[in-house]
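These are the residues of each chain, in order.
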Amino acid sequence: MTNPQTATAPETATAPGTATAPASLRHVAADAAALPAAQPKPTSLTGQVESALAVWQSAAPTSAGIWECDPGEFTAARPDLTEVCQILSGSGTVTGEDGVSAEIGPGSLLVLPLGWRGTWVVREKIRKTYVLIGGAATV
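Rules used throughout
Throughout, a residue's number is its position along its own chain's written sequence, starting from 1. Note on the predicted model: pLDDT of at least 70 is required for a residue's local features to be given, and 80 or more for side-chain atom pairs to be given and counted; whole-chain, interface and lining totals, by contrast, use all residues. As a rule here, side-chain values come from all non-hydrogen atoms in the structure, and water together with hydrogens is ignored. In DSSP terms, a helix is any run of H or I states spanning at least four residues, a strand is any run of E spanning at least two, and both are numbered starting from the N terminus. Only protein chains enter the accessibility calculation, which uses a 1.4 Å probe. A residue is then buried if its area is under 20% of the maximum for its type, exposed if over 50%, and partly exposed in between. Every residue pair with non-hydrogen atoms within 4.5 Å of one another is taken to be in contact. A 1.4 Å probe and the Shrake-Rupley method give the accessible areas. Residues count as covered only by the protein chains that appear here. The quantity known as pLDDT measures the predictor's confidence residue by residue, on a range of 0 to 100. In this analysis the probe radius is 1.4 Å and the grid spacing 1 Å, with only protein atoms considered; a cavity is a set of points the probe fits into but cannot get out of, a pocket is an open set with protein on both sides within 12 Å along at least five of seven lines, and lining residues have an atom within 4 Å of a point. Grid points are joined across faces, edges and corners, and a volume is the space filled by probe spheres set on the points. Each residue is assigned to one of three groups, with Ala, Val, Leu, Ile, Met, Phe, Trp, Tyr, Cys and Pro labelled nonpolar, Asp, Glu, Lys and Arg labelled charged, and all others, Gly among them, labelled polar.

Residue-level account of the overall build of the chain, with values.
Regarding its fold elements, the chain presents 0 helices and 8 strands. Counting only residues that meet the buried cut, the chain has 36% of its 139 residues in that class. Contacts in the chain between residues far apart in sequence, at least 24 positions, make up 64% of those at least 6 positions apart. Within the structure as shown, the chain displays about 7700 Å² of accessible surface, and the carbon and sulfur contribution to it stands at 58%.

Below is the structure:
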């Protein structure tokens, strides 16, 4: 297994036709990776803490990683990107401003499309993997 701390090096995109070092595979055991110390979640309504480990980043606003958050409630907005996430552990409810909600738990695949705004209620500490895609169109 790759050491999670070595899996965080950003990959830099270059202009077409320019030379670059070969892209390198990234691998992390997402369910067991050590995350940095938790910090206060800025949008928490209940004083939660969160932690994240960036596994891959490109020069474009696209990245992938692991995120964890304690129980509580927080607001979220995706004005400039789409988020695709896979819940590894924990449980909660995600509700959009449009009233559409999802009960999430291990195995849930969640897509928060470009422009999404809403609230997360975390009942059990959630750990997820995520991919953030800048400017991705909605279906």
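Account for the environment of E97, with residues named and values stated.
One can find E97 in the loop between β5 (81–96) and β6 (101–104). Overall, the relative accessible area of 61% leaves E97 in the exposed class. With 19 residues separating them along the chain, E97 and W116 place their C-alpha atoms 7.9 Å apart. If near-sequence neighbours (up to four positions away) are discounted, E97 is found in contact with R117 and G118.

Tell me what's going on with the confidence of the model for the chain, and back it up with residues and numbers.
Overall, the prediction assigns the chain a mean pLDDT of 86, with 82% of residues at 70 or greater. pLDDT under 50 marks residues 1–18. Its contacts with residues more than four places away, or in other chains, come to 30 contacts.

Residue-level account of the layout of surface pockets, with values.
The space that makes up the largest pocket amounts to roughly 180 Å³. Along its surface, the largest pocket is lined by V94, G96, D98, V100, S101, A102, L110, V111, L112, P113 and W116. Breaking the lining of the largest pocket down by element, the ones donating at least two residues are β5, β6 and β7 (109–112). When residues in the lining of the largest pocket are grouped by element, the largest group, 3 residues, is from β7. Taken together, the residues of the lining of the largest pocket break down into 8 nonpolar, 2 polar and 1 charged.

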